Amino acid sequence: MRFVALGIITVCAVGCGSSTEQTVQFRMDVIAFEPDSGDVPLEGVEVCVRDTDNCEMSDAAGFVTLTLPANSEITLTVMKDGYTPTLSPQLTTTEDVDEVRTALIDDATSQALAVFLGTPYPIVDGAIAISALVEPLRQDDNGIAGIRYSTEGYDPYYLNESGFPTFDLDATTEPDGAGGFVELEPGVYEVAVGGEASNCEVASAWPGSSDDTIRVPAEAGFFTQAFIACDPVSAP
């Protein structure tokens, strides 16, 4: 298993720039999470580099473009009234990034999902969701089953085949390949990825300390969305 990013990565503090001050163009596609309704572009979403005034609003097609420092670990905030405040961890290289997708969840849906996990909503502490997907990431129902996420001190939840979160599963299921953690203290968490995962690459997260780990930020009041791209599991 491997977690790599294209290009030569210079790791720096969250939101910092590269030493050469090189920048890249980063375009995000923001949609509303509406099961069974297809992709619904979301206009008027504010996307910012965390703790800076580098912010832009999504247009009528849901697209927003930011200028970001190259070779950097970036935390983006993705926010709109009526939707759960979301963090999007990104790793830039020297190449422009086109059409990263982020789905915002409306407050009513988030509250219903929180009930399944017995956790408060609005979010008090941090919450993380990690999805393991087969390329291309933008296609539907491409999650990988049988993947396990773990981080010290917290029990993982997983989405079941109906898309509802539960602590009763021990690995991801299709079609989402998703799981995560709730009620996290603020910080950056190293998450081990095991089970059926193979040849995984960071898509929306930061590399961890070993080939089978990623790093993901958590912050009070925010829902962090992280993604990894992995090879499909071979049929037995």
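Residues numbered from 1 in each chain as written. Predicted model: local features only at pLDDT ≥ 70, side-chain atom pairs only at ≥ 80, totals over all residues. Heavy atoms only, no water.

Enquirer: Is there a simple way to think about the packing of aromatic side chains in this case?
Expert: Any pair of aromatic rings gets described here by the distance separating the centres and the angle formed by the planes. For the structure shown, the criterion picks out three aromatic pairs. Ring centres of Tyr149 and Tyr158 lie 6.1 Å apart, and the angle between their planes is 25°; this geometry places the pair in the stacked category. For the pair Tyr149 and Tyr158, one class covers both residues: buried. With 5.7 Å between their ring centres and 80° between their planes, Tyr154 and Tyr189 make a pair best called edge-to-face. With Tyr154 in the loop between strand E10 (147–150) and strand E11 (157–159) and Tyr189 in strand E14 (residues 187–195), the pair connects residues that are 35 residues apart, well separated along the chain. The exposure class assigned to Tyr154 is partly exposed, which follows from its relative accessible area of 22%. (Phe/Tyr/Trp six-rings, centres within 6.5 Å; stacked < 30°, edge-to-face > 60°. Buried < 20%, exposed > 50% of the residue type's maximum accessible area, 1.4 Å probe, protein only. Helix = DSSP H or I, 4+ residues; strand = E, 2+ residues; numbered from the N terminus.)

Enquirer: For this particular structure, what's the right way to read the sheet that holds strand E17 (residues 213–218)?
Expert: Each strand in a sheet pairs with another by means of backbone hydrogen bonds, the pair being arranged parallel or else antiparallel. Here we have four strands laid out as an open sheet, ordered E10-E14-E17-E16, and antiparallel in their pairing. The two strands at the open ends of the sheet, each matched to only one other strand, are E10 and strand E16 (206–207). (Pairing = 2+ DSSP bridges.)

Enquirer: Teacher, can you tell me more about the state of the cysteines here?
Expert: Between two cysteines, a covalent bond joining their sulfur atoms is known as a disulfide. Applying the stated criterion to the full structure yields two disulfides. In this model Cys48 forms its disulfide with Cys55; the gap between the sulfur atoms is 2.1 Å. Its S-S torsion of about 115° marks the bond between Cys48 and Cys55 as right-handed, since a negative value means left-handed. For Cys48, a relative accessible area of 8% translates into the label buried. When its relative accessible area of 25% is taken as the criterion, Cys55 is described as partly exposed. Disulfide partner of Cys200: Cys230, at an S-S distance of 2.1 Å. Handedness here is read from the sign of the S-S torsion; for Cys200 and Cys230, about 105°, the answer is right-handed. (Disulfide = S-S within 2.5 Å.)

Enquirer: How should the pairing of strand E3 (residues 46–49) be read in this particular structure?
Expert: Two faces belong to every sheet, and in a regular strand the side chains alternate between them. Pairing of E3 with strand E4 (residues 55–57), which is carried by three bridges, proceeds in the antiparallel orientation. Opposite Glu46, over in E4, you have Met57 as the bridge partner. Adjacent in sequence and paired antiparallel, E3 and E4 are bridged by five residues, among which Asp51 carries a positive phi angle near 65°. The pairing of E3 with strand E6 (residues 73–79) spans four bridges and is classified as antiparallel. Within E6, the position partnered with Cys48 by the bridge is Thr77.

Enquirer: Got a minute to help me understand helix H1 (residues 107–117) in this structure?
Expert: Helical periodicity: at 3.6 residues per turn, an α-helix aligns residues three or four positions apart in one direction. Along H1, the residues that are buried comprise Ser110, Ala114 and Leu117. The arc that holds every buried residue of H1, seen down its axis, measures 55°, which confines them to one face. In H1, the exposed positions that point more than 90 degrees away from the buried face belong to Ala108 and Val115. Against the buried residues of H1 lie E11, strand E12 (165–166) and strand E13 (178–184). Among the residues of H1, the N-terminal cap falls to Asp106, whose side-chain oxygen and the backbone nitrogen of Ala108 are separated by 3.1 Å. Residue Gly118 follows H1 closely and has a positive phi angle near 65°. (Arc of directions from axis to C-beta. Contact = heavy atoms within 4.5 Å. Polar contact = N/O pair within 3.5 Å; in protein donor to acceptor, adjacent residues only side chain to side chain.)

Enquirer: What am I meant to see in the nonpolar core here?
Expert: Nonpolar side chains in soluble globular proteins generally cluster together in the buried interior. Formed by 23 residues in total, the largest nonpolar core has its most connected members in Ile128, Ile130, Ile147, Tyr149, Ile214, Ile228 and Cys230. Only strand E9 (126–133), E10, E13, E14, E17 and strand E18 (223–229) provide two or more residues apiece to this core. Of all hydrophobic cores here, the second largest spans 19 residues; its members include Val45, Ala70, Ile74 and Val100. (Core = buried A, V, L, I, M, F, W, Y, C linked by side-chain atoms within 4.5 Å.)

Enquirer: Before we go on, may I ask you to explain the pattern of salt bridges in this structure?
Expert: Any two side chains of opposite charge can pair, so long as their charged atoms come close to each other. Within this structure, the stated rule accounts for four salt bridges. With a closest N to O distance of 2.3 Å, Arg50 and Glu219 form a salt bridge. With a gap of 169 residues between them, Arg50 in the loop between E3 and E4 and Glu219 in the loop between E17 and E18 connect regions that are remote in the sequence. With relative accessibility at 25%, the residue Arg50 sits in the partly exposed group. Glu73 is paired through a salt bridge with Arg215; the nearest N and O atoms lie 3.0 Å apart. Pair noted here: Glu73 is in strand E6 and Arg215 is in strand E17, with a separation of 142 residues, a long-range link. (Salt bridge = Lys/Arg side-chain N within 4 Å of Asp/Glu carboxyl O.)

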